[in-house]
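# Structural overview
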Amino acid sequence: MDQESAPSPRTAYGPIVSSEHLSRSSLELSEFEFGLIIGGHAFDRWMVRCMTATGYPELSALDILVLHSVNHRERAKRQADICLVLNVEDTHTVTYALKKLARLGLVSGEKQGKETFFQATVTGRDACSEYARIRETCLVDSLASMGVEREEMHRLAGLLRAMSGLYDQAARSAASL
């Protein structure tokens, strides 16, 4: 049997999904969701292990995302802006992360009127720089060896952002039922 007539794993067994009972009318969506599930957990695990290698084993994935968000473009940010950018609805989790990061000396907050603006400290910027160095070594070099083109990564990132909007709209619709 040649390669063209051999059954693909998808046709022989169906797509790889986590919850077949959700796949009645859109197997492809369930397949995408399973990819999000395992990709999301792998990404969280990666962030925690990378930040542990920088010397901060006590940080969770959300703590690390908040630190990188605060450090982004070296501009002070409000908690509301951090939540908006990271698409975090439970603001108390970001409040907790900011307090934890401040306790570790990675960020500092400054009151301006009724708002507190957070920025990365020198220690926080150094941690982000070390994270970036480790990321280059462990992740970026491996990605390049896979032959994934930058344009393809750009296209996939856009698709993920678009799909997140679709899921947000679906969440609003479900909340109104």
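One structure accompanies this document, and this report is about it. (Residues numbered from 1 in each chain as written. Predicted model: local features only at pLDDT ≥ 70, side-chain atom pairs only at ≥ 80, totals over all residues. Heavy atoms only, no water.)

### Quick notes on unusual backbone geometry
Phi at arginine 73 takes a positive value of approximately 60°, unusual for a residue other than glycine. Tracing the backbone shows arginine 73 in the loop between α3 (61–71) and β1 (77–78). Since its relative accessible area comes to 58%, arginine 73 is described here as exposed. (Helix = DSSP H or I, 4+ residues; strand = E, 2+ residues; numbered from the N terminus. Buried < 20%, exposed > 50% of the residue type's maximum accessible area, 1.4 Å probe, protein only.)

### Details of a nonpolar patch on the surface
Taken together, the side chains of Leu29, Leu36, Leu160, Leu166 and Tyr167 present a nonpolar region at the surface, about 410 Å² in accessible area. Those elements that place two or more of their residues in the nonpolar patch are α2 (27–53) and α7 (150–175). You can call leucine 29 partly exposed: its relative accessible area is 34%. (Patch = residues over 30% accessible without salt bridge, like charges linked within 9 Å, V, L, I, M, F, W, Y side chains within 5 Å. Areas by Shrake-Rupley, 256 points an atom, 1.4 Å probe, with all protein chains shown as cover. Salt bridge = Lys/Arg side-chain N within 4 Å of Asp/Glu carboxyl O.)

### Looking at helix α6 (residues 122–145)
For an α-helix the count is 3.6 residues per turn, leaving residues at separations of three or four pointing the same way. Here α6 spans 34 Å end to end across 24 residues, near enough to the 34 Å set by a 1.5 Å rise per residue. The axis of α6 is deflected most strongly, by about 45°, at glutamate 136. Those residues of α6 not exposed but buried are Gly124, Ala127, Cys128, Tyr131 and Ile134. In this structure, the buried side of α6 is in contact with α2, α3 and β3 (115–120). (Expected span 1.5 Å × (residues − 1). Bend = angle between axes of the 7 residues up to and from the residue. Contact = heavy atoms within 4.5 Å.)

### What about the pairing of β3?
With 2 bridges connecting them, β1 and β3 associate as antiparallel partners. Across the sheet, arginine 78 pairs through a bridge with phenylalanine 117, a residue of β3. Taken together, the 6 bridges between strand β2 (residues 107–112) and β3 define a ladder with antiparallel strand orientation. The partner of valine 107 across the bridge, within β3, is alanine 120. Hairpin remark: β2 followed by β3, antiparallel, with 2 residues in the connecting loop; positive phi at glycine 113, about 70°. (Pairing = 2+ DSSP bridges.)

### What about the state of the cysteines?
A full pass over the atoms with the stated rule returns 0 disulfides. Of all cysteine sulfurs in the structure, the one in cysteine 138 sits closest to cysteine 50, which takes part in no disulfide; the separation is 6.7 Å. When its relative accessible area of 1% is taken as the criterion, cysteine 50 is described as buried. In this structure cysteine 83 is not part of a disulfide, and its nearest cysteine sulfur, from cysteine 128, lies 18 Å away. On the accessibility criterion, cysteine 83 (4% relative accessible area) is buried. (Disulfide = S-S within 2.5 Å.)

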